[in-house]
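# A structural walkthrough
So the chains spell out like this:
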Amino acid sequence: MKIDHHIQESLIVRPQNSSPYPVFIQESFSPKGKIFLPERENEGSYFLIADSTLPTNILSPFLSDASHHFPKGKKDPHVIWFQGEEKNKNFHSMEPIYESLIQAGADRRSCLLALGGGVIGDLCGFVAASLFRGIDFIQIPTTLLAAVDASVGGKTGVNLRYGKNMIGSFHHPCLIYFNLSCLKSLPLRARIAGFAEMLKHSLLVSNPSVMDQLFCLSPQEDMRESNFQDLKLAIIHSIRIKSEIIAQDEKEKGLRAVLNLGHTTAHALESIYRQNTSDIDGMSHGEAVSRGLVTALLLSRRLKNLSPSYLERIFQKMNEWNLPCDTAGCSAEQVYRHTAYDKKNRRGNSHAKPAYVLLEAPGKPVTDQQIDRSDFHAVWMEQKSRFS
Ligand SMILES: NC(=O)c1ccc[n+]([C@@H]2O[C@H](COP(=O)([O-])OP(=O)(O)OC[C@H]3O[C@@H](n4cnc5c(N)ncnc54)[C@H](O)[C@@H]3O)[C@@H](O)[C@H]2O)c1
């Protein structure tokens, strides 16, 4: 694989039973240098599935004279536009993509490039996993959340009306490429969502320097290149935390479930919003995770004696960062009932209690903690009175 000297930082994700793949992080789209792109065995054509709402500075390196970045003899990729919004992350959106790919001559040797946030990455990854029973794909995340979380680890999929990510498969990219300059155009709301996932990763490890380093940053900070060094380090920490977990448990048979910290509540909130409001994107995934982390931390204090001072430090930072911590107008019973539908809690029994990831101590997650209705109600009331 050829690596360009402008690529400044590299990491390797080594899933337990799948091929390793590199993560390249670059600080700007250099006019001189190539972007990335490996020589692949049995190389076929590239197809770019791009978020149609991305600004030109991100799109143009992949559109105008893109073949400059590709291994010798390759043409510019065929482009398929897609509106990267949660409401479009479903089965109906996939069929036209399969059709466009086939009409444009995709075959088993083709490689998809997913250029966009987590919605594009999840959907395009699932197209790549299923087309011709699996073709190569490359993740090119353009949001912070997708860079630190969604692009890493091979989970791909789409939503059903019954819940998030219910249809999908594990299919790792052959490479992840993230250019920090994408963050310059990222709206504050999306940056905040990325900080929620980075906070989650920092809660999973006991090395306090990871959290200390993250807490020196802020989503409100200007996304200028001069501010990128510290942010880049935090992004690398976050990707490492996730990839070390995946190296031990690729398919969520055990340890990987710790990455669902905050997600039992989050997926319930996202489903409630999808069903009850016309504004499906009214609550982003990162915003739901932020609220879900608060629930998980309060449950951890109540049921696992997690230190109140530790909680206060985190809540204070979440407040400074403007991370949403409230109950989003949802009742305790509404959320508790929805958690039973979360695919992560499925035990073949719809009356099962929801299973949460909790913290026994800082950096010590425990999975599969079944939560009684009364405990959930008490904690939700506390979250509501404190943060609404
Ligand atoms: N596969 C996984 O392991 C995993 C992990 C976490 C989250 N996810 C999924 O990721 C999705 C959320 O991802 P997201 O937060 O990136 O949301 P997103 O993909 O919806 O992007 C957020 C918004 O930002 C816009 N955007 C993207 N990049 C931009 C840029 N550089 N400048 C300006 N605007 C830009 C998009 O058009 C969109 O409107 C959810 O569907 C979630 O389920 C998956």
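Thresholds, definitions, all that
Residues numbered from 1 in each chain as written. Predicted model: local features only at pLDDT ≥ 70, side-chain atom pairs only at ≥ 80, totals over all residues. Helix = DSSP H or I, 4+ residues; strand = E, 2+ residues; numbered from the N terminus. Buried ≥ 20, exposed ≤ 12 C-beta atoms within 10 Å, placed from the backbone. Contact = placed C-beta atoms within 7 Å. Core = buried A, V, L, I, M, F, W, Y, C linked by C-beta atoms within 7 Å. Domains from an automatic or database assignment. Near = placed C-beta within 6 Å. Expected span 1.5 Å × (residues − 1). Axes fitted to C-alpha atoms, helices over the stretch in contact; angles between N-to-C directions. Parallel < 35°, antiparallel > 145°, perpendicular 65-115°, else oblique. Left-handed = near helix turned anticlockwise from the far one by under 90°. Nonpolar A, V, L, I, M, F, W, Y, C, P; charged D, E, K, R; others polar. Pairing = 2+ DSSP bridges. Right-handed = clockwise from strand over helix to strand, strands pointing away. Arc of directions from axis to C-beta.

So, on to the overall build of the chain. Scanning the chain for helices and strands turns up 12 helices and 11 strands. When each of the 388 residues of the chain is scored for burial, the buried share is 46%. For the chain, restricting intrachain contacts to residue pairs at least 6 apart in sequence, the fraction spanning at least 24 positions comes to 75%.

Our next topic: the nonpolar core. In terms of nonpolar packing, the biggest core is built from 104 residues, with Ile49, Leu112, Leu113, Ala114, Leu115, Cys124 and Leu269 touching the most fellow members. Taken domain by domain, this core gets at least three of its residues from each of domain 1 (9–186) and domain 2 (255–387). For Ala114, the contacting residues outside a window of four places in its chain are Ile49, Ile120, Gly121, Cys124, Gly125, Phe137, Gln139 and Ile140.

Bringing the site of the ligand into the picture now. Surrounding the ligand, one finds 33 residues, the nearest of these being Gly117, Gly118, Val119, Thr143 and Ala150. For the shell around the ligand, the secondary-structure elements that each account for two or more residues are helix H3 (118–130), helix H4 (144–150), strand E8 (163–170), helix H5 (188–203) and helix H9 (285–304). Structurally, the shell around the ligand is a two-domain feature, drawing no fewer than three residues from each of domain 1 (9–186) and domain 2 (255–387).

Along an α-helix, a turn takes 3.6 residues, which lines up residues three or four apart on a common side. Spanning 13 residues, H3 covers 18 Å between terminal C-alpha atoms, matching the ideal 18 Å at 1.5 Å per step. For H3, the buried fraction is high: 11 of the 13 residues fall into the buried class. Among all positions in H3, only Gly118, Val119, Ile120, Gly121, Asp122, Leu123, Cys124, Gly125, Phe126, Val127 and Ala128 are buried. Of the residues trailing H3, Phe132 is marked for its positive phi of about 50°.

Tracing the backbone through its elements, the reader meets Phe82 in strand E4 (residues 78–82). Its 25 C-beta neighbours within 10 Å are what place Phe82 among the buried residues. Residues Phe82 and Ile49, spaced 33 residues apart in sequence, show a C-alpha to C-alpha distance of 6.8 Å. Not counting residues within four places of it along the chain, the set of residues in contact with Phe82 comprises Ile49, Asp51, Ser52, Ile97 and Ile120.

Moving on to the packing of H5 against helix H6 (residues 208–215). Relative to each other, H5 and H6 sit at 160°, their axes nearing to 9 Å. The orientation of H5 relative to H6 falls into the category roughly antiparallel. Here the hand of the crossing between H5 and H6 comes out left-handed. Contacts between H5 and H6 involve Met198, Leu199 and Ser202 from the first element and Val210, Met211 and Leu214 from the second. Considered class by class, the residues forming the contact of H5 with H6 number five nonpolar, one polar and no charged.

Bringing unusual backbone geometry into the picture now. Of note, the phi angle at Asn165 is positive, near 50°, even though the residue is not glycine. Along the polypeptide, Asn165 turns up in strand E8. Backbone geometry at Asp368 places phi at a positive 55°, although glycine is not the residue there. Residue placement: Asp368 occurs in strand E11 (residues 364–370). Residue classification places Asp368 among the partly exposed residues on the basis of 13 C-beta atoms within 10 Å.

Here we come to the pairing of strand E10 (residues 355–361). Burial of E10 is extensive: five of the seven residues sit out of reach of the surface. In the sheet, E10 pairs with E11 via five bridges, with the strands oriented antiparallel. Among the inter-strand pairings, Ala355 is bridged to a residue of E11, identified as Gln370. Adjacent in sequence and paired antiparallel, E10 and E11 are bridged by two residues, among which Gly363 carries a positive phi angle near 75°.

This part is about the environment of Asn90. Residue placement: Asn90 occurs in the loop between E4 and helix H2 (91–103). Classification of Asn90 as partly exposed rests on a count of 14 C-beta atoms within 10 Å. Taking the C-alpha atoms as reference points, Asn90 and Asn159, 69 residues apart in sequence, are found 5.2 Å from one another. When residues no more than four places from it in sequence are discounted, the contact partners of Asn90 are Val158 and Asn159.

Turning our attention to the pairing of strand E6 (residues 136–141). Within E6, six of the six residues are buried, which leaves the element mostly enclosed by the surrounding structure. Residues of E6 alternate between two faces, with Asp136, Ile138 and Ile140 on one and Phe137, Gln139 and Pro141 on the opposite face, all of them buried. Direction of pairing for strand E5 (residues 111–116) relative to E6: parallel, over a ladder of six bridges. From the neighbouring strand, Cys111 faces E6, where its bridge partner is Asp136. Each parallel crossover has a hand, and the one from E5 via H3 to E6 is right-handed.

Once that is clear, we can look at helix H12 (residues 373–387). Taking 1.5 Å of rise per residue, 15 residues should cover 21 Å, and H12 covers 21 Å from first to last C-alpha, within 8% of that figure. Inspection of H12 places Phe376, Val379, Trp380 and Gln383 among the buried residues, and these make up the whole buried set. Taken down its axis, H12 places every buried residue within 100° of arc, on the same side. More than 90 degrees from the buried face of H12, the exposed residues found are Ser374, Met381 and Ser385. Taken together, the buried residues of H12 touch H9 and helix H11 (332–339).

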